[in-house]
Amino acid sequence: METLIPILAAAVRSGTPILYATLGEIVTEKAGIMNIGLEGIMLMGALTGFSATLSTGRPWLGLSAAFAVGACLGLIHAFLSVTLGSNQVVCGLAMTMFGGGASALMGRNQVGMTIKGMAPLDIPVLSELPILGRVFFSQDIMVYISFILVFFLVFFLRCTRPGMDLRAVGDNPRAADAMGLPVARIRCTYAILGAGLVALGGAYMSVVYNKFWAESMTAGRGWIAVAMVIFAVWNPMRAALGAYLFGGVDAFQLRLQAAGTSVPTPLLMMLPYILTILVLVFISIGKGRKISLSAPSALGVPFYREERD
Amino acid sequence: MKFRAEKRIDAPVWMNVVVTLLFVSFAFVAGGLFLYTQGVPPLSAYWIILRSSFGSGYDLSETVVKALPLAMVSIAVMLCYTMLIWNIGAEGQALLGALAAAAVVRYFPAESRVAMLSLMAVAAAVAGGVWAGIAGFLRVKWNVNEIITTLMLNYIAIRLLEFFIYGPWRDPSSLGFPMTKPFIDSARLPTLWGTRVHMGLFALLVLAVVMEVIMRKTRWGYEIRVMGDNSRAASYAGMNYFRGVVGVMFLSGAIAGFTGMCEVAGLQGRIQAGFSAQYGYTAIIVAWLSHLSPALSLFVAFLMSSLLVGGAALQIEMGLPLASAAIFQGLILFFVLGGEFFLNYSVRLDLGPAKGPDAHEKYAGGGG
Amino acid sequence: MTEGRGAVPLVEMRGITKRFSGVTANRDVNFSVEAGEVHALLGENGAGKSTLMNILYGLYRPDEGRIFLDGKPVIFRTPRDAIAAGIGMVHQHFMLVHTHTVWENMILGVKDTPFVLPKKKIINRIAEISGHYGLQIDPSAMVWQLSTGEQQRVALLQMLYRNVRVLILDEPTAVLTPQESVRLFETIRRMSGEGHGVVFISHKMREVMSETHKVTALRRGENAGTVATSETTEEALAEMMMGRKVTLDVNRSRLNAGKTLFEVRNIRVLGDRGVEAVSEVSFSIKQNEILGLAGVAGNGQQELCEALVGLRPLLSGEIKMNGCRMEGSSPRRFIREGIYYIPSDRKGVGMASGMDIVSNSIIKKYWSKPVGHGAFIDWRNSAACAKRIIEDFDVSAPSLHTPVRNLSGGNLQKLLMGRELSEAPKVLIVMHPTWGLDVSATRYVREQLLAARENGSATLLISEDLDELLALSDRLAVMFKGKFMGLLDDPASVPTEKIGLLMAGAPVEAA
């Protein structure tokens, strides 16, 4: 058990970036917008977060800046896919390329530098709990915020008026429009906020988790988050489960590498990707019907009021 | 005053060309501004790109060398996109093809060049085809999202390649560099005109013609287009969507795999770390910009390749990361996507009767 | 029924013009509704009724013209404005979010809803309103679980919840059984009695004559006249609406049915949501025979059709064509055996609508000569084949290479019918063949179906339009919740009420 706890705690930490990105994508997709450019947005978030922290010395500012940059990228995606009705898959690919390239260029002089990052913060009482305390409650503030965010989103989507509006524009924009909801505005809002959360996930990697910046440092986590949304059947609670599962595999393979196992490193590094495929296949076989029922019905479909079919 | 958008029935060809070119140039303006904010003088950067890719006969030949795999892979992926199957894993499929070719060279070396190269081509095509076919199968069998599976298979392919060149296939005489032994002579594609342009060029031309014929003239091409337009109508007409998707994915992967083989056999003659320069992703743009036409993709690939060559020159001359070229690729896609709106809709300024309360409201897709 | 109406109309539309990509849907239309009035808006499909009402409801903006509320000019930019002004609309395709509960749909877009949804309060309010108007509904049910009739109740309640003064109903009875329609009219009378204005879009003369105070007819987007219902006749209205005398009567000749061609025994089929959509259905069709299938949409007709042409697997049961077992065969084998299918969703299933007429014409024969040529397609023969369909079936299209999506509804259906009928089908399965078509196209389609019958086709005709079924069918079956409620041998002699009861699920004895 004693050897397992650090791995589990590391699983939570290394799952947190994926969790933020997955939550952001859930919010976006619930509104009917598909943004598969998470990888690019996360990278931009990571770079922004890192360089803002580096120059101000305040991680908070770095994280906020990352959120803002993510929101700007979300705005671009929203403008193209909501206002102009572009193909959202291609738009997401463009976002991936742009984010990857721009972050590499902007961060070219910051490779190799390090920052102090955020200190862990034990939550009184809760951190004393056996096992759970050290796994979940001896972490940094961003981890705690992600916990709160998960519960808040569940509540928000199920029990609040804006949450209901959000689901309505994703499921039946025509009905939402006929009932007087400003479909385009709602969709844009959540595409922007969602992208902000995604960028926060990237910033967590550079500011809190690794404390350095490197080109393509997200290494596919954005894509894994896209997969996690399906695994989670658009439910924030399940998103947390999925994210920590991946964090676990990641932490595990890192530890094996450090311990110097005989399994070659490249094969270990394949694990998260293989797991993603397996999880996706597993969930699609087992819950195929639930996925098609829970998926926002108008996902990826632009809406124009005066278009008659 | 407000903007109104009305759907166009059909945009003429010249308009397509003009709008596309216009928006591509916007992309370069935006990219230039971005470079400027990063302390890179945009005009000299563009000059370097132009000079390095078209400056001399040799530069031009290098641009062709890089355009070859781009065009080939873009033909591979456009097959899938015609069917609305998003294969974004051509990168991994090409890597697998290269690995398979290298395996054949390693374990079944042959003296005859024809025999050796054919064997490599078949192995590469099958490997790439199976790699993509997995994703195609999962997609039609259990509706597993192919965007994610093809992408994950990319990462897996990269690790697999690393495993081999760092491990069992590493050349003992490479002084520790991760690379395989050089291929035997019979496993090399002959080069042309004393440049690095290799025989793959002819393969590409044949491929483009064959694909055009398949798409336009054959029953199979017709099926692919119907399935892509409306999969439900295709099933209704008795077409086998399952076989269609798996078949198209296999062929697409096979072409990508063959491309990978051409790259190793034509250029390096061995597999080394970082062997592929992200052709798989760039080819997606080429496919999109050439409106899914194999013939047109030859031309677009050539232009896009100049960007890659230019990117490499920027790395050497200005110390910019190689990935900077991706900024332009992303921007070009963004702007061309935006430009398509103006092809599908005619937009005009409306000074009509509805004045007053909605004066400053922009017509945003009917949603206000 | 005319007491208590004021002089100033509740709402008035003046000089409304609306164009869509060059097509004028409404031209200089005047229209008004008074308090306590049930005002019928009559017109053929495509006459511009729905467009006019969507303008009043704020969904579309008029290119010209103004709207007055209680005599004061207003501008509705969105439905939110219209609802706030007391105007509500129940669309033909209800504007409901299927994955939401009934109560969530009720408050969708209601402005002063608190941040956290007060579920209890909302449910109480729904109970209050639904009690008052006699519209019973379970507020916690998910909308997709409800029948079409129940969904309409939700859509009505949705508007009543918003306290609208003018309620627009777009062809509300099209999806109801005759009995459900009677209940709907009770609700409508109640509303008009309380001073609401009701606009009732329809093309069913009988309802218009018995249930409304005033009628406005639209013809090709223009107002063809407004009259008091009590001062007009069905014939006068029909002429007003069409500008000429067109009847829908078709001649069904007496034919002796041939041998049994198509047999279905005890088939069970799953629907998309995993519940049994068709249970234990059996029937057979003979040559030269049309078997009509009545029933409210969503009772398993779609799934049945798909099963009958091999597009949906059977859980159990048999399908026999000419005595040969067909179940488990590929859809292509069904086509090769001469079983052709005209789906209700013409663009979504019947056509690859982004492709041109030629490509769509050969979709069921591209594999055989003269269109297929080994691995290749002979495009010259394909074009000839498309041209034949266009000429024989009177399709008007700019060219053979026009994308099918640019064809009008009537021409699209003619092309689809032509493609299937030109193959001389042995068995023809037709779903909602005249849905959304104007009178002349409807008549044409019906004549073609009868012609196919004379040429020996065994036809299964699925429709929601009882008049159509009675005019065309030799025998009639009624479907309810996946089951056949009865097979009537001489449908024309059976009273409509009885068929209505069967459609609502009453057992045969009671009916």
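Everything below is about the structure shown above.
What comes next is a walk through the structure. Along each chain, numbering runs from 1 in the same order as the chain's sequence is written. In the order they appear in the text, chains get letters beginning with A and ligands get numbers beginning with 1. The predicted origin of the model limits local features to residues at a pLDDT of at least 70 and limits the giving and counting of side-chain atom pairs to 80 or more, whereas totals for whole chains, interfaces and linings rest on all residues. Hydrogens and water molecules were not included; the side-chain quantities draw on all heavy atoms of the structure.

Quick look at the overall build of chain B
Reasoning step 1: Per the convention used, a helix needs a DSSP run of H or I reaching at least four residues, while a strand needs a run of E reaching at least two, with both numbered from the N terminus. Summing up its helical and strand segments, chain B has 13 helices and two strands in all.
Reasoning step 2: For the radius of gyration, the atoms used are the C-alpha atoms, and the globule rule reads 2.2 Å times the number of residues raised to 0.38. In terms of C-alpha radius of gyration, chain B reaches 23 Å, essentially the compact-globule figure of 21 Å for 368 residues.
Reasoning step 3: Only protein chains enter the accessibility calculation, which uses a 1.4 Å probe; a residue is then buried when its area is under 20% of its type maximum, exposed when over 50%, and partly exposed in between. Expressed as a percentage of the 368 residues in chain B, the buried residues total 58%.
Reasoning step 4: Any two residues having at least one pair of non-hydrogen atoms within 4.5 Å are treated as being in contact. A separation threshold of at least 6 residues defines the contact pool for chain B, and within that pool the share at least 24 residues apart is 77%.
Reasoning step 5: Surface accessibility of chain B: about 14900 Å² in total, with carbon and sulfur atoms responsible for 69%.
Reasoning step 6: Chain B carries 25 positive and 19 negative side-chain charges, and their two centres are separated by 4 Å. Only the protein chains shown count as covering a residue, and every accessible area follows the Shrake-Rupley method with a 1.4 Å probe. When charges are counted, Lys and Arg are positive and Asp and Glu negative, with His and the chain ends excluded. Charge positions are represented by NZ for Lys, CZ for Arg, CG for Asp and CD for Glu.

Notes on the pairing of strand S13 (residues 289–294) of chain C
Residues and elements named next belong to chain C.
Reasoning step 1: Of all six residues that make up S13, six are buried, and the element is covered over most of its length.
Reasoning step 2: Side chains Glu 289, Leu 291 and Leu 293 of S13 all project onto a buried face; the interleaved residues Ile 290, Gly 292 and Ala 294 project onto the opposite face, where all are buried too.
Reasoning step 3: Note: two strands are recorded as paired if DSSP finds a minimum of 2 bridges between them. Here S13 runs beside strand S20 (residues 458–462); their pairing, made up of five bridges, is parallel. When the sheet's bridge partners are listed, Gly 292 is paired in S20 with Leu 461.
Reasoning step 4: Pairing analysis gives four bridges linking S13 to strand S21 (residues 475–480), with the strands arranged parallel.

A closer look at the side chain of C:His213
All names here are of chain C.
Reasoning step 1: Of note, His 213 is situated in the loop between helix H7 (205–211) and strand S9 (214–219).
Reasoning step 2: Residue His 213 is classed as buried on the basis of its relative accessible area of 9%.
Reasoning step 3: A 3.5 Å cut-off defines polar contacts: any pair of N or O atoms within that distance qualifies, except that in protein one atom must be a possible hydrogen donor and the other a possible acceptor, and neighbouring residues in sequence count only when both atoms are side-chain atoms. A distance of 2.7 Å separates the side chain of His 213 from the backbone nitrogen of Val 38, its partner in a polar contact.

A few points about the sheet that holds strand S11 (residues 260–270) of chain C
All names here are of chain C.
Reasoning step 1: Judged by pairing direction, the sheet is antiparallel, and its four strands sit side by side in the order S12-S11-S14-S15 without closing on themselves. Edge positions in the sheet fall to strand S12 (276–286) and strand S15 (324–325), since each of these pairs with one other strand and no more.
Reasoning step 2: In the sheet, S11 pairs with S12 via seven bridges, with the strands oriented antiparallel. By the bridge assignment, Val 264 is partnered in S12 with Phe 283.

As for the packing of aromatic side chains
All names here are of chain B.
Reasoning step 1: The criterion for an aromatic pair is that two Phe, Tyr or Trp rings (for Trp, the six-membered ring) have centres within 6.5 Å, with stacked assigned to planes under 30 degrees apart, edge-to-face to planes over 60 apart and tilted to the rest. According to the stated counting rule, one finds 27 aromatic pairs over all chains in the structure shown.
Reasoning step 2: When the centroid spacing of 5.1 Å and the interplanar angle of 40° are considered together, the rings of Tyr 81 and Trp 86 count as tilted.
Reasoning step 3: We classify Tyr 81 as buried; its relative accessible area is 3%.
Reasoning step 4: An angle of 65° between the planes, with centres 5.1 Å apart, marks the rings of Phe 163 and Phe 164 as edge-to-face.

Quick look at the sheet that holds S20(C)
All names here are of chain C.
Reasoning step 1: Pairing is mixed across the open sheet formed by six strands, whose spatial order is S16-S19-S20-S13-S21-S22. Since the sheet does not close on itself, it has two edges, and those belong to strand S16 (339–342) and strand S22 (483–488), each with one partner. Strand after strand, the sheet turns through a mean of 20° between neighbouring axes, direction not considered.
Reasoning step 2: Lines fitted to C-alpha atoms define the axes, with helix axes restricted to the stretch in contact, and inter-axis angles between N-to-C directions lie between 0 and 180 degrees. Packing of helix H15 (residues 439–454) onto the sheet brings it into contact with S13, strand S19 (427–431) and S20, and relative to S13 it is tilted by some 135°.
Reasoning step 3: The sheet contacts of helix H17 (residues 496–503) involve S21 and S22, and relative to S21 the element is tilted by about 35°.

Brief notes about the interface of chain B and chain A
It is common to give the size of an interface as the accessible area that goes away when the parts come together.
Reasoning step 1: The partner chain A presents 49 residues to the 50 residues of chain B that form the contact.
Reasoning step 2: Only one rule defines a salt bridge in this text: a Lys or Arg side-chain nitrogen within 4 Å of an Asp or Glu carboxyl oxygen. On inspection of chain B and its partner chain A, the count reaches zero salt bridges.
Reasoning step 3: One can count two residue pairs in polar contact (both at pLDDT 80 or more) joining chain B with chain A.
Reasoning step 4: Counting only elements with at least two residues in the side of chain B that touches chain A, the list comes to helix H1 (13–37), helix H5 (113–142), helix H6 (146–166), helix H11 (279–289) and helix H13 (325–344) of chain B.
Reasoning step 5: Broken down by element, the residue count for the side of chain B that touches chain A peaks at 12 residues, all from H6(B).
Reasoning step 6: Of the residues belonging to the side of chain B that touches chain A, the class tally is 33 nonpolar, 13 polar and four charged. Think of it as three bins: nonpolar holds Ala, Val, Leu, Ile, Met, Phe, Trp, Tyr, Cys and Pro, charged holds Asp, Glu, Lys and Arg, and polar takes everything else, Gly as well.

Quick notes on the interface of chain A and chain C
Reasoning step 1: Taken together, the 28 residues of chain A in the interface contact 36 residues of chain C.
Reasoning step 2: Across the chain A/chain C interface, buried area totals approximately 2700 Å², and carbon plus sulfur atoms make up 61% of it.
Reasoning step 3: Linking chain A with chain C are one salt bridge.
Reasoning step 4: One salt bridge connects A:Arg167 with C:Glu104, and the closest N-O pair in it is separated by 2.7 Å.
Reasoning step 5: The interface formed by chain A and chain C holds eight residue pairs in polar contact (both at pLDDT 80 or more) in total.
Reasoning step 6: Of all elements in the fold, only helix H6 (141–159), helix H7 (161–171), helix H8 (173–178) and helix H12 (265–294) of chain A reach the threshold of two or more residues within the side of chain A that touches chain C.
Reasoning step 7: With seven residues, the top contributor of residues to the side of chain A that touches chain C is H7(A).
Reasoning step 8: Grouping the constituent residues of the side of chain A that touches chain C by class yields 13 nonpolar, three polar and 12 charged. The term buried area means the drop in 1.4 Å probe accessible area that two parts suffer when joined, counted for both and summed.

What about the environment of B:Asn240?
Residue and element names in this part refer to chain B.
Reasoning step 1: Structurally, Asn 240 is set in the loop between helix H9 (231–236) and helix H10 (241–268).
Reasoning step 2: For Asn 240, a relative accessible area of 34% corresponds to the partly exposed category.
Reasoning step 3: C-alpha separation for the pair Asn 240 and Asn 16, spaced 224 residues apart in sequence, amounts to 34 Å.
Reasoning step 4: There is a polar contact of 3.2 Å between the side chain of Asn 240 and the backbone nitrogen of Phe 242.

Focus: the packing of helix H10 (residues 221–231) of chain A against helix H11 (residues 236–259) of chain A
Residues and elements named next belong to chain A.
Reasoning step 1: At a closest axis distance of 9 Å, the pairing of H10 and H11 adopts a crossing angle of 140°. Judged by the inter-axis angle, H10 sits oblique to H11. In this structure, H10 crosses over H11, and the sense of that crossing is right-handed. Taking contact as the criterion, the partners of Arg 221, Ile 224, Met 228 and Phe 231 in H10 are, on H11, Arg 238, Leu 241, Gly 242, Ala 243, Phe 246 and Asp 250. If an angle is under 35 degrees, it is roughly parallel; if it is over 145, roughly antiparallel; if it lies from 65 to 115, roughly perpendicular; otherwise it is oblique. With the far helix as reference, a near helix turned anticlockwise by less than a right angle produces a left-handed crossing, and one turned clockwise produces a right-handed crossing.

A look at H6(B)
Reasoning step 1: Between its first and last C-alpha atoms H6(B) spans 30 Å; for 21 residues at 1.5 Å apiece the expected length is 30 Å, and the two agree.
Reasoning step 2: Backbone nitrogen of B:Ile147 and a side-chain oxygen of the N-cap are separated by 2.8 Å at the start of H6(B); the cap is B:Asn145. The span one expects for a helix is its residue count, reduced by one, times 1.5 Å.

Quick word on unusual backbone geometry
Reasoning step 1: C:Lys369 connects to C:Pro370 through a cis peptide bond whose omega is 0°.
Reasoning step 2: Assignment of secondary structure puts C:Pro370 in the loop between helix H12 (357–361) and strand S17 (372–373).
Reasoning step 3: In this structure, A:Val233 takes a positive phi of about 35° despite not being glycine.
Reasoning step 4: Mapped onto the elements of the fold, A:Val233 is located in the loop between H10 and H11.
Reasoning step 5: For C:Asn322, which is not glycine, the phi dihedral falls at a positive 55°.
Reasoning step 6: By the element assignment, C:Asn322 lies in the loop between strand S14 (314–321) and S15.

Remarks on the pattern of salt bridges
Residue and element names in this part refer to chain C.
Reasoning step 1: For the coordinates displayed, the defined rule picks out 37 salt bridges over all chains.
Reasoning step 2: Linking Lys 365 and Glu 423 is a salt bridge whose minimum nitrogen-to-oxygen distance equals 2.9 Å. With Lys 365 in the loop between H12 and S17 and Glu 423 in the loop between helix H14 (409–421) and S19, this pair connects stretches of sequence that are 58 residues apart.
Reasoning step 3: A salt bridge links Asp 465 to Arg 446; the shortest N-O distance between them is 3.6 Å. Of this pair, Asp 465 sits in the loop between S20 and helix H16 (466–472) while Arg 446 sits in helix H15, and the two are 19 residues apart along the sequence.
Reasoning step 4: The exposure class of Asp 465 is partly exposed, given its relative accessible area of 31%.
Reasoning step 5: Taking relative accessible area as the criterion, Arg 446 reaches 6% and is therefore assigned buried.
Reasoning step 6: Salt bridges sharing common partners tie together Glu 263, Arg 265, Glu 318, Arg 325 and Glu 327.

Examining the nonpolar core
Reasoning step 1: Core analysis: the largest hydrophobic core is formed by 375 residues, its most contacted members being B:Met120, C:Met53, C:Phe262, C:Phe283, C:Leu308 and C:Ile429.
Reasoning step 2: In contact with C:Phe262, not counting residues within four places along its chain, are C:Phe283, C:Ser284, C:Ile285, C:Leu308, C:Ile319, C:Lys320, C:Met321, C:Ile339 and C:Val427.
Reasoning step 3: We define the nonpolar core as a collection of buried residues of types Ala, Val, Leu, Ile, Met, Phe, Trp, Tyr and Cys that are connected through side-chain atoms lying within 4.5 Å of one another. Membership of the second largest hydrophobic core comes to 11 residues, among which are C:Leu42, C:Val208, C:Ala217 and C:Met241.

A short note on the packing of helix H3 (residues 57–82) of chain B against H11(B)
Residues and elements named next belong to chain B.
Reasoning step 1: Running from N to C, H3 and H11 cross one another at 65°; their axes reach a closest spacing of 7 Å. Both H3 and H11 take part in a crossing whose hand is right-handed. Two secondary-structure elements touch here, H3 through Lys 66, Pro 69, Leu 70, Val 73, Ser 74, Val 77, Met 78 and Tyr 81 and H11 through Tyr 279, Gly 280, Thr 282, Ala 283, Ile 284, Val 286 and Ala 287.
Reasoning step 2: Counted by class, the contact of H3 with H11 contains 11 nonpolar, three polar and one charged residues.

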